[in-house]
Amino acid sequence: MRGGTDSRRLGQRAGLRGETRFGALGQHRVDSWTLAGLADAVSVLGPVTVLCGLGGLGDDNGDALAFTAAGAILTGVGLAGRHRTRRPADVAPRRVIVGIGTVWGAMIGLIAAVYLATGAVGRLDDAVVEAAAGLTTTAVTTLAVEEASRTVLLWRAATSWVGGLIAIVVALGALPRALGGTALLAHTTRDRWVDLMPTTAAGLRRVAVLYAGFTLACAAAYLAAGLGPTEAAVHGLGTASTGGFSSNADSFAGYGPAARAVATGAMIAAGAGVFAMWGAVRGRAGWLWRSQELRFYLAILAGATAILAIGVDGLGVGDALFTAASVSSTTGFATGEWTALGSTAAGVLLVAAGIGSMIGSAGGGTRVLRARLLVAFGGRELRRQLDPHAVVVVRHDRQPLGDRTLDRLGGYSVAHLAVIGGGALLLGAAGMSVPSGVWSAVSAVSTLGPAFGDIGAFGHLDGVTRPARLVLAALMVTGRVAILPLLSVIGAALQLRRSLLRRGRRLWREGGRARDG
Amino acid sequence: MAEPAARSPAEPGARPGPASPPILRRHRRRYSSTTFHVCGISLSFVSAGMLACALLERLTTDRDTAALAVSGAAAAVIGAGAWYLTAPGAVRNRDVFSAVGWTWVVTTLMGALPFLLAATFAVGGADGLEQVVNSLFESASGFTSTGSTVLADFERPGRGLLMYRQATQWYGGMGVVLLAVTVLPFLGVGGLELVSAEVPGPGSDRLTPRVSQTVRRLWAVYAGFTLAVALALFAVPGPSLFDSVAHALTTASTGGFSPHPDSIGHFGSVAVEVVMMAAMIAGAVSFTLHWRAITGHPAYHRDSELRTFMLVLAAAAAAIVALLWLDGGLGLVESVRVGLFNAVSLGTSGGFSNATGPGSAGDYVVWAGGAQMVLLFLMVVGGCSGSTAGGIKTLRMQVLGVVMVRSVRRTQMPRAVIPVKLGDRALAEGVVARVVGFFLLHLTLVLVGLVAVTALGGDFESSLGAVVGALSNMGPALAEAGPTSTFADAFNLPARLVLALCMVIGRLEIVPILLMFAAGWRRLQDLSSPPGRRLTAS
């Protein structure tokens with residue numbers, strides 16, 4: 001029982017309120033949603049790190065060995081954690097949401113520690129920024145890519161791959177559980193949802209296989225397009241996860257049309273998400289065509305491509321589609337510096353980046369589904385202004401959405417925009433100009449990475465001040481998964497303030513009575 | 001403008017229109033059109049201003065007298081004709097949207113005539129089309145009390161025409177007060193519907209039970225406020241009588257036009273800036289609150305919107321001053337002076353500037369990015385509901401904040417029923433949805449406008465500032481469209497037209513201008529449908 005008590009204490013110290021139970025072999029297991037999630041994440045990151053270390057052998061053996069050792073430790077910790085923890089069957093929504101935030105924070109801390117421990121990054125703040133950029137699939141970096149070893153390049157891409165996987169698992173497995181009937185994803189994609197995820201566990205297994213298979217397919221296509229093995233692996237990981245890390249400092253600028261064509265198609269597929277992939281794998285063309293979200297996504301891509309091709313001098317349709325796909329899917333690959341594209345591109349790409357990819361993908365942004373529903377929401381309110389007594393129902397894929405779901409959508413959107421606005425203000429205070437600050441905030445919250453202005457198309461943070469980098473890291477994490485946990489913290493703070501005020505008032509009244517008496 | 005030619009029987013749900021004046025009852029009117037009727041009234045009012053400015057021009061510089069007189073006469077004839085020949089029809093929402101939208105459009109078109117006839121923009125080889133577009137832009141900026149300008153040569157127009165330019169903003173402000181306090185709450189648009197939801201009864205948004213009385217009192221407050229600002233400006237050293245009146249007209253309306261190219265920087269006087277700041281803040285506060293104070297029932301301290309507005313303004317001003325001071329370029333006193341003035345100017349959607357030239361301390365386009373970002377934030381938020389200020393409005397921002405907090409609490413308690421409260425009262429869900437819908441529409445328009453203006457050749461930073469500024473009726477924007485330059489320097493003709501449209505859309509709180517075609521569209525549908533179905537088409 002001693003071990004169990006220790007585990008429980010550990011959980012309670014981490015604010016996780018765990019419960020100790022006996023496992024099948026008489027082992028004590030901690031029932032903690034957060035610790036179990038963290039153990040799962042680490043047990044994926046560990047072997048991936050080992051593979052990156054082994055893949056780097058022969059290039060810079062010091063880095064390779066250091067990462068292999070770090071990976072082995074992480075694997076051990078992850079497996080031990082999985083062995084000693086268990087997901088409780090019944091868990092409060094608040095605990096799930098706080099757990100999501102905790103897992104992300106802990107993972108960023110772990111990755112930053114690996115960067116520091118292996119000597120790949122020298123400063124703590126740079127390590128945190130690099131870890132946040134990787135895990136949130138945001139294509140910005142503090143590293144000098146030309147000087148980085150093969151191991152570091154592979155691992156940087158691998159962190160974004162793990163981050164992408166976590167993002168999809170959280171979106172499909174955890175959030176619907178926390179949000180119940182108002183979870184947009186489960187509510188609006190009901191038939192596809194049931195088909196892909198008959199049960200949560202089976203669905204998540206299918207998703208993992210799809211994700212891994214898509215990554216392998218991307219890497220194979222890059223190999224076929226003429227890229228070397230390391231380049232193909234790095235770009236395959238970066239494309240499937242919408243991470244956008246490249247093994248070149250100038251991203252896709254040095255590659256030919258074949259590689260760009262592969263990247264364009266793969267980025268569009270990655271931004272479309274696992275439901276579209278599942279439909280394609282099962283050969284359900286009608287199912288795909290009926291998806292309003294997919295049609296909206298393709299319409300945004302087509303519109304952005306058309307505006308770029310027509311409005312930007314010297315940009316061909318292929319490069320316009322590449323850029324639009326990169327930004328819409330929030331991947332972040334680039335074929336050239338964006339300043340040459342001009343203001344037209346800055347305007348249209350800002351909108352595309354803000355909307356982002358489809359729900360169920362590893363990409364970021366407001367998401368195409370939400371953008372479509374927000375347009376429908378605005379239209380409903382306009383119609384109501386005209387006919388105050390009209391009953392106007394907002395539908396998605398022929399399913400009516402309840403007021404509560406729309407209400408949550410409105411609140412989420414306001415919070416999302418508030419985060420972007422607040423981030424832009426902070427970036428301005430940290431030394432960025434207005435266009436650069438606005439673009440960088442949108443890009444970071446959408447987990448895109450590249451931005452017009454100080455960051456540029458290739459995502460180098462050399463021209464960005466250190467406080468601004470930390471703000472960017474916070475925005476990436478907030479944009480990736482933590483808007484709801486962040487809001488929960490604010491909610492808890494407000495509740496605390498209210499209870500303190502109430503207690504203060506009560507004490508004041510009691511003091512007054514005592515004085516009167 | 002396609003309105004019904006024949007009087008139609010009252011349709012279900014329609015409210016009866018006001019009774020005709022006795023003098024007109026003897027004549028049987030042939031046309032029943034709320035839109036034409038309201039446009040006629042509006043043009044008649046504007047014509048009086050044009051003729052008064054023609055008189056001023058005749059008595060002073062006498063350069064543009066003919067242009068003003070001809071325009072005034074034309075506006076009077078058209079306005080009086082439309083007023084006399086039509087009667088307000090049934091008042092349904094769509095008719096009110098149509099009337100409000102078309103009134104601003106027609107007034108803007110007619111208001112451009114004096115500039116066009118006086119060839120105000122015939123400088124630097126400008127062709128006819130450029131003069132037309134510039135005249136329209138200046139008129140739209142005036143009647144929407146925005147304050148963006150394409151006027152570069154301030155020596156060319158006479159004093160009467162400059163005063164007319166100022167008066168367009170005053171008219172715009174007057175229309176906005178009327179719109180915000182009486183018309184839009186009736187439609188559930190203007191933001192004051194929130195106040196009426198908070199404090200039900202005739203004492204909140206409507207000053208009296210009768211709309212006509214309310215309008216008269218509001219205009220009395222507005223006129224008295226303008227007079228007070230003019231007197232205060234005249235009392236401090238610097239501004240002449242002409243300057244005082246001219247600036248009072250555009251301060252009460254939080255417009256921002258000045259008869260001087262360097263705006264308030266022309267005077268170089270702290271006293272003038274203090275008076276202007278006080279006046280701009282007063283202009284950005286709900287006129288119903290001013291009326292209550294005048295009638296001996298001040299409620300400033302009880303108004304949560306005003307408290308929030310002042311808090312935001314103070315915090316923003318403090319942040320700007322700190323950033324300017326810490327940036328190292330300016331001393332503390334100079335930072336306070338320019339930081340405070342510009343924060344108030346843009347936070348109240350005034351749009352005046354105390355820059356004395358490009359690159360001077362008051363020229364905020366050369367400030368650090370953080371300070372400019374705060375100004376951009378203030379431009380978006382705007383002033384209070386029921387005032388002449390633009391922007392999303394503080395009251396709506398309060399509601400959006402509460403909606404956000406409710407989302408958080410629902411995350412923790414998914415099944416809880418949590419009302420959105422403003423003060424102690426819960427808002428109806430319909431009102432909350434309208435506010436969120438308005439915010440989304442505003443955001444959509446910013447993005448659409450940004451894409452349009454940048455696609456038409458505008459630089460990104462200038463376009464962003466200009467679109468946000470136009471929709472918030474702010475005036476000067478960022479970068480090339482800053483306080484020491486004109487919009488003619490920053491944007492080409494099509495972009496200027498897009499921005500003029502944005503100004504009108506923003507001034508009318510977006511919805512009316514988007515729905516102004518609905519009445520005409522429904523009529524067309526009625527006409528094209530078989531006769532037996534016409535009665536059910538509403």
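Residues numbered from 1 in each chain as written. Chains lettered and ligands numbered in written order. Predicted model: local features only at pLDDT ≥ 70, side-chain atom pairs only at ≥ 80, totals over all residues.

### Side note on the overall build of chain A
Looking only at helices and strands, chain A features 19 helices and five strands. The buried share of chain A, taken over its 517 residues, is 57%. Here the contacts in chain A between residues at least 6 apart in sequence split such that 68% fall between residues at least 24 apart. (Helix = DSSP H or I, 4+ residues; strand = E, 2+ residues; numbered from the N terminus. Buried ≥ 20, exposed ≤ 12 C-beta atoms within 10 Å, placed from the backbone. Contact = placed C-beta atoms within 7 Å.)

### Let's talk about the overall build of chain B
The number of helices and strands found in chain B is 21 helices and four strands. Burial analysis of chain B (538 residues in total) assigns 59% to the buried set. Long-range pairs, those at least 24 residues apart, make up 73% of the contacts in chain B with a sequence separation of at least 6.

### Structural notes on the interface of chain B and chain A
Across the boundary between the two partners, chain B contributes 50 residues, which contact 50 residues of chain A. In terms of residue count, helix α17 (residues 429-455) of chain B provides more of the side of chain B that touches chain A than any other element does, 14 residues in total. The residue inventory of the side of chain B that touches chain A, partitioned by class, reads 29 nonpolar, 13 polar and eight charged. (Nonpolar A, V, L, I, M, F, W, Y, C, P; charged D, E, K, R; others polar.)

### Digging into the nonpolar core
Core analysis: the largest hydrophobic core is formed by 324 residues, its most contacted members being Ile 108, Ala 132, Ile 168 and Ala 352 of chain A together with Val 399 and Leu 499 of chain B. Excluding residues within four positions of it along the chain, Ala 132 of chain A makes contact with Ile 108, Ala 473, Met 476 and Val 477 of chain A. (Core = buried A, V, L, I, M, F, W, Y, C linked by C-beta atoms within 7 Å.)

### Remarks on unusual backbone geometry
Here Thr 137 of chain A, not a glycine, exhibits a phi torsion of approximately 60°, which is positive. By C-beta crowding, Thr 137 of chain A is classed as buried, having 33 other C-beta atoms within 10 Å. A positive phi angle is found at Ser 263 of chain B, which is not glycine, with a value near 50°. Tracing the chain through its elements places Ser 263 of chain B in the loop between α10 (241-252) and α11 (270-283).

### Here's the deal with the packing of helix α4 (residues 93-111) of chain B against helix α6 (residues 128-143) of chain B
Residues and elements named next belong to chain B. Close contact between α4 and α6 brings their axes to 8 Å; oriented N to C, the two are set at 130°. Our classification of the angle between α4 and α6 gives oblique. Where α4 crosses over α6, the two elements pack in a sense that is right-handed. Packed against α4, whose contacting residues are Trp 104, Thr 107, Thr 108 and Gly 111, the element α6 presents Leu 136, Ser 139, Ala 140, Gly 142 and Phe 143 at the interface. (Axes fitted to C-alpha atoms, helices over the stretch in contact; angles between N-to-C directions. Parallel < 35°, antiparallel > 145°, perpendicular 65-115°, else oblique. Left-handed = near helix turned anticlockwise from the far one by under 90°.)

### A few points about the environment of Ser 349 of chain B
All names here are of chain B. Mapped onto the secondary structure, Ser 349 falls in the loop between α14 (332-347) and α15 (369-381). Residue classification places Ser 349 among the buried positions, given that 32 C-beta atoms sit within 10 Å. Sequence separation between Ser 349 and Gly 390 is 41 residues, and the spatial gap between their C-alpha atoms is 5.9 Å. Contacts of Ser 349, omitting those with residues within four sequence positions, involve Thr 254, Ala 284, Gly 382, Gly 383, Ala 389, Gly 390, Gly 391, Ser 472, Asn 473 and Met 474.

### What to know about the confidence of the model for chain B
Residue and element names in this part refer to chain B. Per-residue confidence for chain B gives a mean pLDDT of 85, with 85% of residues at or over 70. Per-element confidence in chain B is highest for helix α5 (residues 113-117), whose mean pLDDT is 97, and lowest for helix α8 (residues 192-198), whose mean pLDDT is 46. Across residues 194-206, where pLDDT falls below 50, the model places 27 contacts with residues more than four positions away in sequence or in other chains. The low-confidence segment residues 532-538 (pLDDT under 50) makes seven contacts with residues lying over four places distant or belonging to another chain. (pLDDT = per-residue confidence, 0-100.)

### Comments concerning the confidence of the model for chain A
Chain-level pLDDT for chain A is 86 on average; 88% of the residues reach the 70-or-more range. Every residue in residues 1-26 of chain A is under pLDDT 50, and counting partners more than four places away or in other chains gives 33 contacts.

### With respect to the packing of helix α15 (residues 342-355) of chain A against α17 of chain B
The geometry of α15 of chain A relative to α17 of chain B is characterised by a closest axis approach of 7 Å and an angle of 160° between their N-to-C directions. As far as their axial angle goes, α17 of chain B and α15 of chain A are roughly antiparallel. The two elements α15 of chain A and α17 of chain B meet at a crossing, and its hand is left-handed. Where α15 of chain A abuts α17 of chain B, its residues Ser 343, Thr 344, Ala 346, Gly 347, Val 348 and Val 351 of chain A lie against Leu 447, Leu 450, Val 451, Thr 454 and Ala 455 of chain B. Counted by class, the contact of α15 of chain A with α17 of chain B contains seven nonpolar, four polar and no charged residues.

### Looking at α10 of chain B
All names here are of chain B. For α10, which comprises twelve residues, the first-to-last C-alpha distance of 16 Å matches the rise-based estimate of 16 Å (1.5 Å per residue) to within 8%. The element α10 is largely enclosed, with a buried count of nine among its twelve residues. Those residues of α10 not exposed but buried are Ser 244, Val 245, Ala 246, His 247, Ala 248, Leu 249, Thr 250, Thr 251 and Ala 252. The positive-phi residue at the C-terminal boundary of α10 is Thr 254, with phi of around 45°. (Expected span 1.5 Å × (residues − 1).)

### Comments concerning the environment of Leu 427 of chain A
Residue and element names in this part refer to chain A. Relative to the elements of secondary structure, Leu 427 occurs in helix α17 (residues 403-429). Leu 427 gets classed as buried once you count the C-beta atoms within 10 Å, which come to 32. Considered as a pair, Leu 427 and Gly 53 are 374 residues apart in the sequence and their alpha carbons are 36 Å apart. Sequence-distant contacts of Leu 427, that is, excluding residues within four places in its chain, are made with Met 432, Gly 437, Ser 440, Ala 441, Ala 468 and Val 471.

### Topic: helix α18 (residues 460-471) of chain B
Side chains that are three or four residues apart share a direction in an α-helix, a result of its 3.6 residues per turn. Over its twelve residues, α18 of chain B runs 16 Å from end to end, which matches the ideal 16 Å to within 8%, given 1.5 Å per residue. A large share of α18 of chain B lies buried, amounting to twelve of its twelve residues. Burial in α18 of chain B covers these residues: Phe 460, Glu 461, Ser 462, Ser 463, Leu 464, Gly 465, Ala 466, Val 467, Val 468, Gly 469, Ala 470 and Leu 471 of chain B. Lining the buried residues of α18 of chain B we find α15 and α18 (434-445) of chain A together with α15, α17, α19 (487-490) and α20 (493-507) of chain B. Asn 473 of chain B sits one or two residues past α18 of chain B and shows a positive phi near 55°.

### Some details on the environment of Leu 340 of chain B
Residues and elements named next belong to chain B. Topologically, Leu 340 is positioned in helix α14. Look at Leu 340 and you get buried, because 20 C-beta atoms sit within 10 Å. A C-alpha to C-alpha distance of 9.3 Å links Leu 340 and Leu 313, two positions 27 residues apart in sequence. Among residues more than four places away in sequence, those in contact with Leu 340 are Ala 317 and Val 321.

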